[in-house]
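Structural features, examined
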Amino acid sequence: MPRWKCGVEGCGGRFEDVESVIIHQTTEHERHECKVCGTIVPEGYFAIRHAFDEHTRAEFVRAYEADSTAVRIREDVKDAVEDEADLNSVVQKLRKKGAL
Ligand SMILES: [Zn+2]
Ligand SMILES: [Zn+2]
């Protein structure tokens, strides 16, 4: 069973490697509008990265009516992706496709 799953609500897609998940999320899911600042970002990993790099945990919790568990799950996802993914190559691939 492929070890990475998409994680976007209602999707259930599974992938062999993390780069494929990010590319899938960015190209096949609708964009996400940040509830804190209104910026349109790709769904999935990039939405999480935007929320936690650009905003404080408190802003995130307030805007998304999230609890600390929801924050921790997203932080774990972000760490796991960043440990494993070659993000530069993912970003380059996505730029080539015109998806970023
Ligand atoms: Zn998906
Ligand atoms: Zn934002």
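Summary of the structure given here.

Rules of the game
Residues numbered from 1 in each chain as written. Chains lettered and ligands numbered in written order. Predicted model: local features only at pLDDT ≥ 70, side-chain atom pairs only at ≥ 80, totals over all residues. Heavy atoms only, no water. Donors = N, O, S within 2.8 Å, 3.2 Å for Na, K, Ca; no water. Tetrahedral: all angles 85-135°; square planar, octahedral: opposite > 155°, others 65-115°. Helix = DSSP H or I, 4+ residues; strand = E, 2+ residues; numbered from the N terminus. Buried < 20%, exposed > 50% of the residue type's maximum accessible area, 1.4 Å probe, protein only. Phe/Tyr/Trp six-rings, centres within 6.5 Å; stacked < 30°, edge-to-face > 60°. Axes fitted to C-alpha atoms, helices over the stretch in contact; angles between N-to-C directions. Parallel < 35°, antiparallel > 145°, perpendicular 65-115°, else oblique. Left-handed = near helix turned anticlockwise from the far one by under 90°. Contact = heavy atoms within 4.5 Å.

1. Quick notes on the coordination of the zinc ion (ligand 1)
- Protein-derived coordination of the zinc ion (ligand 1) comes from Cys6 (SG), Cys11 (SG), His24 (NE2) and His29 (NE2), at a distance range of 2.0 to 2.3 Å.
- Angles of 104 to 112 degrees at the metal separate the four donor atoms of the zinc ion (ligand 1), which places the site in the tetrahedral class.
- All donors of the zinc ion (ligand 1) come from a single chain, and their spacing in sequence reads C-x4-C-x12-H-x4-H. Here the residue Cys6 occupies a position in the loop between β1 (4-5) and β2 (14-15), and His24 occupies one in helix α1 (residues 18-28), the gap between them amounting to 18 residues. His24 carries the same exposure label as Cys6, and that label is buried.

2. Focus: the packing of aromatic side chains
- Going through the model one piece at a time under the given rule, you end up with three aromatic pairs.
- Site record: aromatic cluster; members linked through ring pairs are Phe52, Phe60 and Tyr64.

3. Examining the packing of helix α3 (residues 57-64) against helix α4 (residues 68-84)
- One can describe the packing of α3 onto α4 by two numbers: an axis separation of 10 Å at closest approach and a directional angle of 120 degrees. By the criterion of interaxial angle, the relationship of α3 to α4 is oblique. Seen along the crossing, α3 lies across α4 with a hand that is right-handed. On α4, the residues touching Arg57, Phe60 and Val61 of α3 are Val71, Arg74 and Glu75.

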